[in-house]
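# Coordinates in review
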Amino acid sequence: MKMRRIMILVMLLAAVSTRGWAQTPRLNMLTPEEERVIVGKGTERPFSGKYYRFDGKGTYTCKRCGAALYRSDSKFDAGCGWPSFDDTVSGAVKQQPDADGQRVEITCAQCGGHLGHVFSGEGFTLKNTRHCVNSVSMNFVPDADATPKASTDTPGTERAIFAGGCFWGVEYYLRRVPGVIGTQVGYVGGQKENPSYQDVCRGDTGHAEAVEVVFDLTKTSFEQVARVFFETHDPTQVNR
């Protein structure tokens, strides 16, 4: 009887542990500067961020966990030196007073990563709200109809698809391989037809982030491209 109780307790603890693990967001690796801002609640220099004057159409996502934060149609130029938004993706951003009580901090609701601060009553837009966000805290996912596609129509080219965790990191290295003439990020596998970035971020579609690579066979080969792929990530680590 005692052994049976012990076994039941172990099973219950395992179930609780598994549920907690499944709900933990996947966290991307950060550079020292990203760590300083996102984890250490720092601030990048004004007018230095890559998204300050950026006007692409799409979704801004959390650099740390990939959660969708802001849509491009809520972005405006406040002249402050940082990207500004007057609205968020529903439920994506949390607000809390700074430790000194002087300002209101905004963080990613999914992973708690520091984004910046929120201000109200300035009159920049009809919503009268300004989310002042560090560029380094975000990635940008262009809308599908605004994303240039890699062409496979050119004679002497070949296409390959690679999946190795975050597709932005994979694409960063593969597009720099001599002979690669185009890349396109997307998804492979899964059950949902034409999933959106938000669909995949929920983690229940079964899709994997992937990169389509088109390369010139006179300048490189599949083996050379694949070698770079395996040299730039550890396939034995989860989500790496």
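Residues numbered from 1 in each chain as written. Predicted model: local features only at pLDDT ≥ 70, side-chain atom pairs only at ≥ 80, totals over all residues. Heavy atoms only, no water.

## Considerations on the packing of helix H3 (residues 167-174) against helix H5 (residues 222-231)
- Running from amino to carboxyl end, H3 crosses H5 at an angle of 130°, the nearest separation of the two axes being 10 Å. Taken together, the axes of H3 and H5 lie oblique to each other. Crossing geometry of H3 relative to H5 is assigned as right-handed. Touching Val170, Tyr173 and Leu174 of H3 are Val225, Val228 and Phe229, all from H5.
- Looking at side-chain class alone, the contact of H3 with H5 contains 6 nonpolar, no polar and no charged residues. (Axes fitted to C-alpha atoms, helices over the stretch in contact; angles between N-to-C directions. Helix = DSSP H or I, 4+ residues; strand = E, 2+ residues; numbered from the N terminus. Parallel < 35°, antiparallel > 145°, perpendicular 65-115°, else oblique. Left-handed = near helix turned anticlockwise from the far one by under 90°. Contact = heavy atoms within 4.5 Å. Nonpolar A, V, L, I, M, F, W, Y, C, P; charged D, E, K, R; others polar.)

## Some remarks on the pairing of strand E9 (residues 138-142)
- Most of E9 sits out of view: 4 of its 5 residues are buried.
- Relative to E9, strand E1 (residues 58-62) is paired through 5 bridges, and the arrangement is antiparallel. Across the sheet, the residue bridging to Thr61 is Asn139, located in E9. (Buried < 20%, exposed > 50% of the residue type's maximum accessible area, 1.4 Å probe, protein only. Pairing = 2+ DSSP bridges.)

## Structural notes on the sheet that holds strand E8 (residues 129-133)
- Read across the sheet, 6 strands follow the order E3-E4-E8-E7-E6-E5 without closing on themselves; strand pairing throughout is antiparallel. Edge positions in the open sheet fall to strand E3 (75-76) and strand E5 (93-97), since each of these has one partner strand only.
- By the bridge criterion, 2 bridges tie strand E4 (residues 84-85) to E8 in an arrangement that is antiparallel. Its bridge partner being in E8, Ser84 is matched across the sheet by Cys132.

## Topic: H3
- Taken as a whole, H3 has its buried residues at Phe167, Val170, Glu171 and Leu174. Seen along its axis, H3 keeps its buried residues to an arc of 95°; they face one direction.
- Close packing links the buried residues of H3 with strand E10 (157-162), strand E11 (180-189), helix H4 (197-201), strand E12 (207-216) and H5. (Arc of directions from axis to C-beta.)

## Some remarks on the pattern of salt bridges
- For the structure shown, the criterion picks out 9 salt bridges.
- Across the pair Asp87 and Lys127 runs a salt bridge, and its minimum N-O distance is 2.9 Å. Residue Asp87 is located in the loop between E4 and E5, and its partner Lys127 is located in the loop between strand E7 (114-120) and E8; the two are separated by 40 residues in the primary sequence.
- Among the residues examined, Asp87 registers a relative accessible area of 35% and is labelled partly exposed. (Salt bridge = Lys/Arg side-chain N within 4 Å of Asp/Glu carboxyl O.)

## Let's talk about unusual backbone geometry
- A positive phi angle, close to 65°, is found at Phe47, a residue other than glycine.
- Summarising the element assignment, Phe47 is placed in the loop between helix H2 (32-38) and E1.
- Looking at Phe47, the relative accessible area reads 53%, which means it is exposed.
- Although it is not a glycine, Asn128 adopts a positive phi angle of roughly 60°.
- Following the sequence through the fold, Asn128 ends up in the loop between E7 and E8.
- Judged by relative accessible area, Asn128 falls into the partly exposed class, the value being 33%.

## Thoughts on the confidence of the model for the chain
- For the chain, mean pLDDT is 82; residues scoring 70 or higher make up 82% of the total.
- The low-confidence segment residues 5-24, where pLDDT is below 50, has 0 contacts with residues more than four positions distant or belonging to other chains. (pLDDT = per-residue confidence, 0-100.)

## Some thoughts on the nonpolar core
- Ranked by internal contacts, the top residues of the largest apolar core, which has 18 residues, are Leu69, Tyr70 and Met138.
- Broken down by secondary-structure element, the contributors of at least two residues to this core are E1, strand E2 (68-71), strand E6 (104-108), E7 and E9.
- One finds Val170, Val180, Val185 and Phe229 within the second-largest nonpolar core, a separate group that totals 16 residues. (Core = buried A, V, L, I, M, F, W, Y, C linked by side-chain atoms within 4.5 Å.)

## Examining H5
- Taken residue by residue, H5 has Val225, Ala226 and Phe229 as its buried positions. Seen end-on, H5 carries its buried residues on one side only, within an arc spanning 95°. Along H5, exposed side chains directed more than 90 degrees from the buried face belong to Glu223, Arg227 and Glu231.
- Packed against the buried residues of H5 are E10, H3, E11 and E12.

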